[in-house]
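Observations on the three-dimensional arrangement
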Amino acid sequence: MRASIRREGRIARSADEVWAVVGRPELLHLWFPGITACRVDGDSRTITTGTGVEMPEQILTNDPIQRRFQYRITSPLVREHLATIDVIDLGDGTCLVVYSTDADPATMALVISGGTGGAIEQLRRQLESGAGPALDALQGGT
Amino acid sequence: MGRKILFVTTDQQRYDTLGCNGGQVARTPVIDRLAAEGIRYERAVPQSVVCMPSRSTMLTGQHPRTHGVWMNGVPLPVDAPSVAAELHRAGYRTALVGKPHFEPFLDPFARFVENRLSREGVFTVDSPWHDGTIGPHRGFEHMELATHGAAGPLHYARWLNAEHPEAVGGFYAVLDQDLEVNADGGGSTGAPQVKDNPIPREWYHTDWVADRTIGWLDSLDADDDWFCWMSFPDPHHPWDPPASELGRVDWREVPLPEGYPEDRAEREALLDAKPRHWRRWYDGSLVSNYEAPSRWVPATLTADQVREVNARNAIEVELIDEALGRVLAAIEARGWTDDVDVVFTTDHGELQGDFGLLFKGPYHVDGLMRLPLVWRPAPSASIAPAVVSQPVGLVDLAPTFCEVAGLAAPDWMEGSVLPTDDDAAVAARDGAQLTEWDSELFGVGVHLRTITRDGWVCTVYRPGTVHDGTEGELYDLSDDPLQRVNRWDDPACAAVRSDLVADLEDRLRPRPSPRRPLDAPV
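Residues numbered from 1 in each chain as written. Chains lettered and ligands numbered in written order. Predicted model: local features only at pLDDT ≥ 70, side-chain atom pairs only at ≥ 80, totals over all residues. Heavy atoms only, no water.

Under an unreviewed UniProt entry, chain B has the name Sulfatase-like hydrolase/transferase and belongs to Actinomarinicola tropica.

An unreviewed UniProt entry annotates chain A as SRPBCC family protein originating from Actinomarinicola tropica.

**What about the overall build of chain B?**
Helix and strand counts for chain B come out as 14 helices and 17 strands. For 522 residues, the compact-globule estimate of 2.2 N^0.38 gives 24 Å, and chain B sits close to it at 21 Å. Along the first, second and third principal axes, the C-alpha set of chain B runs to 60 × 55 × 45 Å. For chain B, the residues scored as buried account for 64% of the 522 residues in total. In chain B, once contacts between residues fewer than 6 apart in sequence are set aside, the share between residues at least 24 apart is 73%. (Helix = DSSP H or I, 4+ residues; strand = E, 2+ residues; numbered from the N terminus. Rg over C-alpha atoms; globule rule 2.2 N^0.38 Å. Buried < 20%, exposed > 50% of the residue type's maximum accessible area, 1.4 Å probe, protein only. Contact = heavy atoms within 4.5 Å.)

**Observations concerning the sheet that holds strand β1 (residues 3-11) of chain A**
All names here are of chain A. Ordered by their spatial adjacency, seven strands build an open sheet running β1-β7-β6-β5-β4-β3-β2, and the pairing between neighbours is antiparallel. Whereas interior strands pair on both sides, the edge strands pair on one side only; in this sheet they are β1 and β2 (35-41). When the angles between neighbouring strand axes are averaged without regard to direction, this sheet yields 20°. Alignment of strand β5 (residues 68-73) against strand β6 (residues 80-89), held across four bridges, turns out to be antiparallel. Counterpart to Phe69 in the pairing with β6 is Ile85. The strands touched by helix α1 (residues 15-22) within the sheet are β1, β4 (54-63), β5, β6 and β7 (95-104), with β6 carrying the most contacts at an inclination of about 150°. Strand contacts of helix α2 (residues 106-129): β1, β5, β6 and β7, with the helix running at about 10° to β1, the strand carrying the most contacts. (Pairing = 2+ DSSP bridges. Axes fitted to C-alpha atoms, helices over the stretch in contact; angles between N-to-C directions.)

**Focus on the sheet that holds strand β14 (residues 433-441) of chain B**
Residues and elements named next belong to chain B. The strand order across the open sheet formed by four strands is β14-β15-β16-β17, and the pairing between neighbours is antiparallel. At either end of the open sheet lies a strand with only one pairing partner, and these are β14 and β17 (472-476). Pairs of neighbouring strands in the sheet enclose a mean axial angle of 10°, with direction left out of account. Here β14 runs beside strand β15 (residues 444-453); their pairing, made up of nine bridges, is antiparallel. The partner of Ser439 across the bridge, within β15, is Val446.

**Some words on the environment of Leu474 of chain B**
All names here are of chain B. Here Leu474 lies in strand β17. Under the relative-accessibility criterion, Leu474 is labelled buried at 0%. Residues Leu474 and Cys493, spaced 19 residues apart in sequence, show a C-alpha to C-alpha distance of 8.7 Å. Apart from residues no more than four positions distant in its own chain, Leu474 is found in contact with Trp456, Val457, Cys458, Val485, Asn486, Arg487, Trp488, Cys493, Arg497 and Leu500.

Have a look at this one:
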């Protein structure tokens, strides 16, 4: 059985500011709690989780016009996976971040989406406070 | 020097599994003796019938809608109020040994503190408390953690994998390859979540919890005051006790439970008289929650499978009783017995064959809602033995621990000190307990609100994806102790129903907003 789960959060920063972080796939571990490292090679990304598991991913979409980022986990631990992050301009200087997880088995979708909820919260904290490792990395040009 | 507190919990244990409560299968002389010397509660009610909300209630002294853990998989915030923190602040040495489950177990990102500290092999870390104090995590200076097997990061699993790796594979795999609760059957009858486990008894988690509790107690000074939560993972499924112990109870000799109608037509008629999710789960057409195997269809449950599950459950209960006996002997050897309060209970019950069902879910009947609870006050307190029939709740435990320690219960605790006899219960309490169920999983939402009062259990169903909000259950516990006859639509009970529903609605406090997110299935 597959499942589709959506987590979302409003961030009091412009969509462009938020997308500047979300659109940089090599920065994920700086705002996704429980991902300790990631490396990007073309459209491949490998993340390392807090339990030490390496998960290969394929980047599918990195569209700065729609502000949409999509990837899938290609590890055999998951039969099917698609993650979609949308940064939606709300027109008032704030934006809505929607992080969707589609996965089979369904339980994996729920486990992963728990992490995505924490990631949105971490993204909000860093952007709204103007400080944090993801912003440091942006300013450092890494 | 004050009174010390040994708080003993099991996981998913029915009221009628103890000898002192009329149980006929398991022999429980240690708990029976505590009951004879102390106070035995005949109507102890959980505020939730699943682990995480119920355990969070025990720790915080709050109802689920206040502490915010509204279903399994919703973590209790690290800085939630904690009775252990109150006791630690008052100078008590504090430990939790065994199953915590305040945070999800399924945690590939290692996001949750209790999984992380176990993985790192440490026994506590500094965390913020609800008042901003930085202190040991949730107030426990020592956490040595376990769950139902040898998988995962907790201390017991790490210990078994390191010291006895040959025993790891003997446990039943709680989850299947899809991370669903495993439906595979075993034993002699093919009952779900049953397996013959070749592990030597002394390596099984029940004895490990007792060993580690004794180890921690041995580390204390003679004049320390202490609060130790000893939390056994059994008799929760899987039912895979050490195979060496299976001879204790021959499943073929186990009587069928009174709540199990052997006749299929009778069973199904009972289910059809209840709100529709009962029958739909039984038939396999609805999976409303994660706590039972989604691929198992209760209608396939046989009488022999009920007998075998009950036999193994009884064996696990006996092992717990004996492990508790060892801990009490260690306490006696330290000369502490006169000053030790022992509280024994569980987080929720188990259907165990009632209505042809196993496991748990959104079903507010005695199988899940009537809990064993025994309080043996410290003999030095000179409290007379008693039996209390008035309803009490797990929400009452935290203020009781404060009372034992000579502390005023903080205003964030919502329960009352447990009564020491029925007269005290009638004089000082209003005799009502609330239980709530909320689950929203993969498009299925179920919401129950229940009041237990005056010998009735009344459940209101909020609108969800299965119910339209008009359904309910009403049982007269004195006339219908097995809750077979739903009186919700009985005109003769209209006034009782109306009164109980109004009382229930009055008592429900506002929920904190926003609702805490679901972060994992369990």
